[in-house]
Amino acid sequence: MKMWPAVAAVLESPEATFTLQPVELGPLASGEVLVRVLASGVCGTDMEARELTPTPSVLGHEGVGIVEELGPDVTGVVPGDLVVMSYPSCGDCAGCLRDTRWLCENNWSLSFDGKRGDGSHPVHRDGTPIASAYFQQSSFSTRAVVPARSLVLAPPDIPLPVLAALPCGVLTGVGAVLNVLKISSGDSLAVIGTGAVGLAAIMAAKILGATTIVAIDVHPGRLELSRQLGATHSISALGQSVPEAILQQIPEGIRAVLDTTGRQSSWSDAVTYLQRGGDFAFVTTPEPVETYGFPPFPLFLKCGSLHTVLLGGANAQDTLSTIFAWYRQGEFPVDDIVRTYAFEDIELAFEHSIAGETIKPVLLMP
Ligand SMILES: [Zn+2]
Ligand SMILES: [Zn+2]
């Protein structure tokens, strides 16, 4: 039974801080690959997962690395390949069989249950299995066990911190405008909340030819950055009515609205400035008890559509390939939102992310 040593950031309990500890990975199951992790993005979901995933656990779901070993029945990658680890999917459900793997019925459990689909754990500490296989990768580690079907081959000329910034939040923002809202030339888009997801959506909308791109936030610095990255209008949500401010500047209203905040006011506000036949999409996972108290009547009158966006409605292979091409053409300046941290500074990366000081932290493994 072959096992490999690694150093992982282990979370002992939801309230604890991460500590770097020696662990063992393996053995590789059918379809799995051992990856030497070079970098991993830090995402807001990693904060929420402290409560969602059993502990002790190894989190991290935006890994980038080099394929080291192949388990049985692996196709598509070979040792030495540079890969981005994307979201998990089972391969057997109706969504997966239709090649719409973002609709995988097992996505939630494969992401948050802290184990493989068969209930086993790829990471052990002192000979005892611990919660791992988080998003079927647990990339806050120097090595990761990942199903080959989650891997996307990465171009070696794109910097590692950029690659590690892409597979979750940025994929979601880009996927929302590309695959769900289907932004096209001359279109109008409003983005509520300008974190990594919102800023990625703004950059993508500019590339797709939107001529009106409205950024809405409470932080002046973020609004300024939104302008630099492609927003044509910036609206502060502080001390004024957002719908009034938008309709004053854009009387015809907005065709597509993307909410990244999950705030109830986003819904009622958006209906006011949405054009007839327009689309409203949201990306934030609501609390199971959330009702939003949303009146559907105005949306009905406008024949508006409501979309939930999970995983950017994206086949990761397709949408990441699009982003790689944009980046290489110099059109997608995602570097502007990334800040790198040494692996041992993982707590600092989280602190800066929570404080809004860093938009997209990326950990660099030794
Ligand atoms: Zn599936
Ligand atoms: Zn994420």
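Residues numbered from 1 in each chain as written. Chains lettered and ligands numbered in written order. Predicted model: local features only at pLDDT ≥ 70, side-chain atom pairs only at ≥ 80, totals over all residues. Heavy atoms only, no water.

Before going further, it helps to spend a moment on the coordination of the zinc ion (ligand 1). Every protein donor of the zinc ion (ligand 1) is listed here as Cys90 (SG), Cys93 (SG), Cys96 (SG) and Cys104 (SG), and their distances to the metal cover 2.3 to 2.4 Å. Note on cysteine 90: relative accessible area 23%, which makes it partly exposed. (Donors = N, O, S within 2.8 Å, 3.2 Å for Na, K, Ca; no water. Buried < 20%, exposed > 50% of the residue type's maximum accessible area, 1.4 Å probe, protein only.)

Here we take up the UniProt feature "domain: Enoyl reductase (ER)" (unreviewed entry) in the chain. Taking the numbering used here, the UniProt-annotated feature "domain: Enoyl reductase (ER)" (unreviewed entry) corresponds to residues 9-363. A distance of 11 Å separates the end C-alpha atoms of residues 9-363, which is 30% helix and 26% strand. (UniProt positions renumbered as here; feature names shortened; annotations may be inferred. Helix = DSSP H or I, 4+ residues; strand = E, 2+ residues; numbered from the N terminus.)

This brings us to the pairing of strand β3 (residues 32-41). Of all ten residues making up β3, eight are buried, and the element is well covered by its neighbours. Pairing geometry for β3 and strand β9 (residues 143-147), over five bridges, is antiparallel. Residue pairing across strands places leucine 34 opposite valine 145, the latter belonging to β9. Bridge analysis of β3 against strand β18 (residues 360-364) gives three bridges, and the strand direction is antiparallel. Paired with serine 40 across the bridge in β18 is leucine 363. (Pairing = 2+ DSSP bridges.)

Let us now look at the coordination of the zinc ion (ligand 2). Only Cys43 (SG), His61 (NE2) and Cys168 (SG) from the protein coordinate the zinc ion (ligand 2), and they sit 2.0 to 2.2 Å from it. Linear spacing of the donor residues for the zinc ion (ligand 2) on their chain is C-x17-H-x106-C. One end of the pair, cysteine 43, is in the loop between β3 and α1 (44-52); the other, histidine 61, is in the loop between β4 (57-58) and β5 (63-70), and 18 residues separate them in sequence. Accessibility classification places cysteine 43 together with histidine 61 in one group, the buried group.

Splitting the chain by domain gives domain 1 (4-154 + 333-364) and domain 2 (170-311). With centres defined by C-alpha atoms, the gap from domain 1 to domain 2 works out at 30 Å. Counting residues at the interface gives twelve residues for domain 1, matched by twelve residues for domain 2. Of the roughly 1,000 Å² buried where domain 1 meets domain 2, counting both sides, 77% is carbon and sulfur surface. Remark: the boundary between domain 1 and domain 2 carries zero salt bridges. (Domains from an automatic or database assignment. Contact = heavy atoms within 4.5 Å. Buried area = accessible area lost by both parts, 1.4 Å probe. Salt bridge = Lys/Arg side-chain N within 4 Å of Asp/Glu carboxyl O.)

Pairing is parallel in the open sheet, where six strands are placed in the order β13-β12-β11-β14-β15-β16. Edge positions in the open sheet fall to β13 (233-236) and β16 (305-308), since each of these has one partner strand only. Neighbour-to-neighbour, the strand axes of this sheet turn through a mean angle of 20°, independent of strand direction. Looking at chain direction, strand β11 (residues 188-192) and strand β14 (residues 254-259) are connected through four bridges and run parallel. Among the inter-strand pairings, valine 191 is bridged to a residue of β14, identified as leucine 258. Contacts between helix α7 (residues 242-249) and the sheet are confined to β12 (212-217), β13 and β14, with β13 contributing the most and set at about 155° to the helix. (Axes fitted to C-alpha atoms, helices over the stretch in contact; angles between N-to-C directions.)

We now examine unusual backbone geometry. Proline 27 follows glycine 26 through a cis peptide bond whose omega is -15°. Here proline 27 lies in the loop between β2 (18-25) and β3. A cis amide bond links threonine 55 with the next residue in sequence, proline 56, at an omega value of -5°. Here proline 56 is to be found in the loop between α1 and β4. Even without being a glycine, glutamine 136 presents a positive backbone phi close to 50°. Looking at where glutamine 136 falls in the secondary structure, it is placed in the loop between β8 (128-129) and β9. With phi around 50°, lysine 182 is a residue other than glycine that occupies positive phi space. Relative to the helices and strands, lysine 182 is located in the loop between α4 (160-180) and β11.

What follows deals with the side chain of arginine 222. Its location among the elements puts arginine 222 in helix α6 (residues 220-229). Setting aside its immediate chain neighbours within four residues, arginine 222 contacts Thr194, Gly195, Asp217, Gly356, Thr358 and Ile359.

For the pair α4 and helix α10 (residues 316-328), the least separation of the axes is 9 Å and the interaxial angle reads 105°. The angle between the axes of α4 and α10 places the two elements in the roughly perpendicular class. Two secondary-structure elements touch here, α4 through Val162, Leu163, Leu166, Pro167, Val170, Leu171, Val174, Gly175, Leu178 and Asn179 and α10 through Ala316, Thr319, Leu320, Thr322, Ile323, Phe324, Trp326 and Tyr327. Of the residues that constitute the contact of α4 with α10, the class distribution is 14 nonpolar, four polar and no charged. (Parallel < 35°, antiparallel > 145°, perpendicular 65-115°, else oblique. Nonpolar A, V, L, I, M, F, W, Y, C, P; charged D, E, K, R; others polar.)

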